[in-house]
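Here is how the chains run, residue by residue.
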Amino acid sequence: MKGLERMAVRAASAILLAILFAAAAIPALDSALGQSLGQSGSYPVATDVRLAGDLVETRLVMDLSRKVDLHAFTLANPYRVVVDIPEVVFRLPPKAGESGHGLIKAFRFGLMMEGGSRIVLDLAKPARVQKAFVMDAAAGDPARLVLDLVATDRASFLRQIVLDEKPLTQRMPAAPQPQGTEVNNSDPRPLVVLDPGHGGIDTGTRAPTGELEKDIVLDVAKRLRARIESAGKYRVLMTRSDDTYVPLAERVAVARKANAALFVSIHADSLPHSEGDAQGATVYTLSNKASDAEAAQVAEKENRADVVAGVDLKDEPDDVAGILIDLAQRETKAFSMQFAHKLVADLKGVARLHKEPLKSAGFRVLRAPDVPSVLVELGYVSNRNDLRSLMSDSWRDRTADSIAKAIDAYLSTHVASAPRSTN
Ligand SMILES: [Zn+2]
């Protein structure tokens, strides 16, 4: 019940946000078009960013083509400052934000939801927002977003969080209605939820050559959707079908709410060269205890997505209650394992597999107690051969084919033997 209430609050806040940003009066179609063409359209453009100061006071200045409204607030664990602004096109220097200065360790920026962009600053230590404003363009200077941070202690930082006004409740996207369609419950065909990892401000891993996990996995997911839909036996819902971020809990909620027969999360991994040169695809299922240290690490990395995107986790349950996993998930877990085995077998002919292609760990996104769920790491963007595959059209097609085949094999068996209550 609490989960539903949260979703309702988010839906309400998303509507409020939409109303606020409607002032920008940009039709959704233009937005999608502008993004896909990489054009700014009528959005403000961020052109440069500078940091100055020290560990006591730090200032961030971002040049903008015109003035925007902003809303800044702080988050703990880890210490972050989040600045929400209307949708902005970021044309900042490459590597902007990768390293920081003074109180700012690093920062990220990007789309959070349609109509809303976000800047997330990781702090070196607790700090409070002393000033946050946007100066009008003047005398040939661009408009400037100015954020002044001042060092503080942990107790004051935590106090400030309580005082911080978050009228838009973290400005979370509501549970998405992907592809602009409601789930059609009168359609008796089993529903597959595809979950391309990351998105928007959260790029996921990045290849040494610059390719981003969020783009690769979205494209593979779209190819997969096209295959499943054209075969006609199953319905497909995507947790995201564009470059926006969807919090992990929402991804799970989408699958549960839609009474999905199967949830497939799609990712790509990377490994620092200092840690070797792993390669190949891996299929993960949920377990409370990771199957090995690498699996634990991968889950930890993927579970950080919400932290990266500046999502406040404090009102999320730390975990789906352990007992729920133990009891309700036993059957789901068995089904997830059966699908995972099938998927590994089908991928074998197409993709290079990791030396241990079947693993388990505590992925947040796999925690629906009633929806069989797996997470596929397609390969390592840090490995040259894998990256070549991941960037290849024909490899993506073949991989989508084999995942679609595994989904069909699994659902043909399971839905026939255990029809779900949707119809
Ligand atoms: Zn990922």
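All figures in this text were calculated on a predicted structure; none of them were measured in a lab. (Residues numbered from 1 in each chain as written. Predicted model: local features only at pLDDT ≥ 70, side-chain atom pairs only at ≥ 80, totals over all residues.)

Undergrad: Lay out the pairing of strand β10 (residues 191-196) in plain terms, naming residues and giving numbers.
TA: Summarising burial for β10: six of the six residues are buried, a large majority. Both faces of β10 are covered, namely the face carrying L191, V193 and D195 and the face carrying V192, L194 and P196. Two strands pair when backbone bridges link them, and β10 and strand β11 (residues 235-238) are joined in this way by four bridges, in the parallel orientation. Across the sheet, V192 pairs through a bridge with V236, a residue of β11. Each parallel crossover has a hand, and the one from β10 via helix α4 (residues 213-231) to β11 is right-handed. With five bridges joining them, β10 and strand β12 (residues 262-269) adopt parallel strand pairing. (Buried ≥ 20, exposed ≤ 12 C-beta atoms within 10 Å, placed from the backbone. Helix = DSSP H or I, 4+ residues; strand = E, 2+ residues; numbered from the N terminus. Pairing = 2+ DSSP bridges. Right-handed = clockwise from strand over helix to strand, strands pointing away.)

Undergrad: Outline the sheet that holds strand β8 (residues 127-135), supporting the account with residue identities and numerical values.
TA: Strands sit in the order β5-β1-β2-β9-β8 across an open sheet of five strands; the sheet is mixed. Strands with a single pairing partner mark the edges of an open sheet, and in this sheet they are β5 (89-90) and β8.

Undergrad: Tell me about the nonpolar core, and name the residues and values.
TA: Within the largest apolar cluster, 99 residues are counted, with the highest numbers of intra-cluster contacts made by V192, V193, A260 and L262. A domain-level breakdown of this core finds at least three residues from each of domain 1 (2-25 + 43-171) and domain 2 (178-417). If sequence neighbours within four positions are ignored, A260 has contacts with L191, V192, V193, A255 and V371. (Core = buried A, V, L, I, M, F, W, Y, C linked by C-beta atoms within 7 Å. Domains from an automatic or database assignment. Contact = placed C-beta atoms within 7 Å.)

Undergrad: Just give me the short version of the sheet that holds strand β4 (residues 80-86), but keep the residues and values in it.
TA: Sheet strands pair via backbone hydrogen bonds, and the direction of the pair is either parallel or antiparallel. The antiparallel open sheet is built from four strands, whose spatial order is β3-β4-β7-β6. The sheet is open, and its two edges are formed by β3 (71-75) and β6 (104-113), each paired on a single side. Across the sheet, the mean angle separating the axes of adjacent strands is 20 degrees when strand polarity is ignored. When β6 meets strand β7 (residues 116-123), the two strands line up antiparallel, connected through eight bridges. What sits directly across from F109, in β7, is I119. (Axes fitted to C-alpha atoms, helices over the stretch in contact; angles between N-to-C directions.)

Undergrad: Outline unusual backbone geometry, listing residues and values.
TA: With glycine set apart, most residues show a phi of negative sign, and most peptide bonds adopt trans. Across the junction of N77 and P78, the peptide omega takes the value -5 degrees, indicating a cis bond. Here the phi dihedral of N77 falls at roughly 55 degrees; this positive angle occurs in a residue that is not glycine. Of note, N77 is situated in the loop between β3 and β4. Take N77: there are 10 C-beta atoms within 10 Å of it, and that puts it in the exposed class. The phi angle at H198 is positive, at roughly 60 degrees, despite the residue not being glycine. Within the secondary structure, H198 sits in the loop between β10 and α4.

Undergrad: So what's going on with the environment of D195? Residues and values would help.
TA: Note on placement: D195 falls in strand β10. When the C-alpha atoms of D195 and L375 are compared, they prove to be 8.8 Å apart, with 180 residues separating the residues in sequence. When residues no more than four places from it in sequence are discounted, the contact partners of D195 are T239, R251, F263, V264, S265, I266 and V365.

Undergrad: For the environment of S65, give the residues involved together with the corresponding values.
TA: Note on placement: S65 falls in the loop between β2 (57-64) and β3. Residue class for S65 comes out partly exposed when judged on the 17 C-beta atoms lying within 10 Å of it. Once the C-alpha coordinates of S65 and T47 are considered, the two residues, 18 residues apart in sequence, prove to be 7.6 Å apart. For S65, the residues in contact, after removing those within four places along its chain, are P44, V45, T47, P142 and A143.

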